[in-house]
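Here's the letter readout for the chains.
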Amino acid sequence: MLKKISINQNVTTILIIFLFSFGFFVNFFYGSLGVFPIDTFLHYDSGYRILNGEYPVKDFWIVSGLFVDFFAALLFKIFGVNWYTHIAHSSLLNGLITILTFYFLTKMNLDAKFAFFYSVFFSILAYPPSGTPFVDHHATFLSLAGLYFFILGVKYQTNLYWYVFPWFLGSAFLCKQVPVTYLMILIIPIFLSFCIIRKNFNPIFKSIISSIIFCLIFLLFLTLTNIDLNLFLKQYIFYPRSFGSARYDDFYLNL
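Scope of this entry: the structure provided in the associated data block. Please read these numbers as outputs of a predicted model, since none were measured by experiment.

**Points about the overall build of the chain**
Phase 1: Scanning the chain from N- to C-terminus turns up eleven helices and zero strands.
Phase 2: Secondary structure elements of the chain, listed N to C terminal, follow the sequence α-α-α-α-α-α-α-α-α-α-α.
Phase 3: Each of the three principal axes of the chain carries a C-alpha extent, and together these read 60 × 50 × 50 Å.
Phase 4: Contacts spanning at least 24 positions in sequence make up 73% of the contacts within the chain whose residues lie at least 6 apart.
Phase 5: Of the roughly 14800 Å² of accessible surface on the chain, 70% is carried by carbon and sulfur atoms.
Phase 6: Put simply, the chain has 15 plus and 10 minus side-chain charges, and the middle of one group is 19 Å from the middle of the other.

Quick look at the structure:
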């Protein structure tokens, strides 16, 4: 029978450093094995345009959220506009979600050795299939990180988790509207039920405060970049709702 292994803080730190490095470099390796003509360079081009003073929404129509493009521009600004910086962008997120997965599994009382190996396998299957920055991967893994912290908040009822998980979900939404929108449809009733059963609504208040701060910072960002909020809502919220609307109009069910 396998015994559960307990590890000290020093070993945990070493494992986290290894997992982040492994997650980073495994994606860095596979990200260089071929390209897709459009998808591979989508955020490379938009990040470079931002560096040249062309901002999404204001100067060109957005096809995804702002988060990926502006983060790409930030990395280009720091490390230069080149292929390696482009791959490092997605590799950073792969490393981040890898260590968050390890943290989540250990906090859920999974044996350390299993949490480590599951995290290694996860890092191989997470971002490497794309390799380069892509909105679906960013949105999915940031949503997953938000879900991690929400579950830990329910389990441990720690204030930090209630403050943190809205930021991950908000960042995921600024990458792409889905899957975080569907995730919120599931989280909200669970969250309300949890607080009602516990007769403690402080988690909701803390999460709302955190969400308000996130929204205010985002509005400040739009102001500093001179991006019109109405245009953002039109391009990112209202216009996508029109996709496929004709399908509902033409839909006919005959029992």
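**Observations concerning unusual backbone geometry**
Phase 1: Backbone torsion omega between Val-178 and Pro-179 reads 10°, so that peptide bond is classified as cis.
Phase 2: Mapped onto the elements, Pro-179 comes out in the loop between helix 7 (159–173) and helix 8 (180–198).
Phase 3: A positive phi angle, close to 75°, is found at Val-57, a residue other than glycine.
Phase 4: Following the sequence through the fold, Val-57 ends up in the loop between helix 2 (42–51) and helix 3 (67–79).
Phase 5: A positive phi is found at Gln-157, a non-glycine position, where the angle reads about 55°.
Phase 6: Relative to the elements of secondary structure, Gln-157 occurs in the loop between helix 6 (135–156) and helix 7.

**Here's the deal with the side chain of Asn-27**
Phase 1: Locating Asn-27 in the fold gives a position in helix 1 (residues 9–30).
Phase 2: Within the local environment of Asn-27, its side chain forms a polar contact with the side chain of Ser-90, the two groups lying 3.1 Å apart.
Phase 3: Side-chain polar atoms of Asn-27 contact the backbone oxygen of Gly-131, separated by 3.0 Å.
Phase 4: In this structure, Asn-27 is in contact with Ile-87, Ser-90, Ser-91, Asn-94, Tyr-127, Pro-128 and Gly-131, ignoring residues within four places of it in sequence.

**A closer look at a nonpolar patch on the surface**
Phase 1: Together, Ile-188, Leu-192, Ile-196, Phe-201, Phe-205, Ile-208, Ile-212, Leu-216, Leu-219 and Leu-229 make up a nonpolar patch on the protein surface, roughly 910 Å² of accessible area in all.
Phase 2: Secondary structure elements with two or more residues in the nonpolar patch: helix 8 and helix 9 (202–224).
Phase 3: By residue number, the principal contributor to the nonpolar patch is helix 9, which donates five residues.
Phase 4: Overall, Leu-192 belongs to the partly exposed group, its relative accessible area being 41%.

**Considerations on the side chain of Thr-101**
Phase 1: Within the secondary structure, Thr-101 is located in helix 4 (residues 83–107).
Phase 2: The class of Thr-101 is buried, set by a relative accessible area of 4%.
Phase 3: In this structure Thr-101 touches Ser-119, Phe-122 and Tyr-148, once residues within four positions along its chain are discounted.

**What to know about the nonpolar core**
Phase 1: Formed by 39 residues in total, the largest nonpolar core has its most connected members in Phe-165 and Phe-191.
Phase 2: The set of elements that each furnish at least two residues to this core consists of helix 1, helix 4, helix 5 (112–125), helix 6, helix 7 and helix 8.
Phase 3: Residue contributions to this core peak at nine residues, all from helix 6.
Phase 4: Listed in part, the 13 residues of the second largest apolar core include Ile-62, Ala-73, Phe-218 and Tyr-236.

**Re the pattern of salt bridges**
Phase 1: Taken as a whole and judged by the stated rule, the model has three salt bridges.
Phase 2: Residues Glu-54 and Arg-49 are paired through a salt bridge, measuring 2.8 Å at the closest nitrogen-oxygen approach.
Phase 3: Judged by relative accessible area, which is 31%, Glu-54 ranks as partly exposed.
Phase 4: Relative accessible area serves as the criterion here: at 31%, Arg-49 is assigned to the partly exposed category.
Phase 5: For the salt bridge of Lys-176 with Asp-136, the shortest nitrogen-to-oxygen distance reads 2.5 Å. On the criterion of sequence distance, the pair formed by Lys-176 in the loop between helix 7 and helix 8 and Asp-136 in helix 6 is long-range, its members being 40 residues apart.
Phase 6: The exposure class assigned to Lys-176 is partly exposed, which follows from its relative accessible area of 24%.

**Details of the packing of helix 6 against helix 8**
Phase 1: As a packed pair, helix 6 and helix 8 sit with axes 11 Å apart at the nearest point and diverge in direction by 5°. Between helix 6 and helix 8, the angle falls in the class roughly parallel. In contact with Ser-143, Leu-147, Phe-150 and Val-154 of helix 6, helix 8 contributes Val-180, Leu-183, Ile-187, Ile-190, Phe-191 and Phe-194.
Phase 2: Of the residues belonging to the contact of helix 6 with helix 8, the class tally is nine nonpolar, one polar and no charged.

Calculation rules
Residues numbered from 1 in each chain as written. Predicted model: local features only at pLDDT ≥ 70, side-chain atom pairs only at ≥ 80, totals over all residues. Heavy atoms only, no water. Helix = DSSP H or I, 4+ residues; strand = E, 2+ residues; numbered from the N terminus. Contact = heavy atoms within 4.5 Å. Areas by Shrake-Rupley, 256 points an atom, 1.4 Å probe, with all protein chains shown as cover. Lys, Arg positive; Asp, Glu negative; His and termini not counted. Charge placed at Lys NZ, Arg CZ, Asp CG, Glu CD. Polar contact = N/O pair within 3.5 Å; in protein donor to acceptor, adjacent residues only side chain to side chain. Patch = residues over 30% accessible without salt bridge, like charges linked within 9 Å, V, L, I, M, F, W, Y side chains within 5 Å. Salt bridge = Lys/Arg side-chain N within 4 Å of Asp/Glu carboxyl O. Buried < 20%, exposed > 50% of the residue type's maximum accessible area, 1.4 Å probe, protein only. Core = buried A, V, L, I, M, F, W, Y, C linked by side-chain atoms within 4.5 Å. Axes fitted to C-alpha atoms, helices over the stretch in contact; angles between N-to-C directions. Parallel < 35°, antiparallel > 145°, perpendicular 65-115°, else oblique. Nonpolar A, V, L, I, M, F, W, Y, C, P; charged D, E, K, R; others polar.

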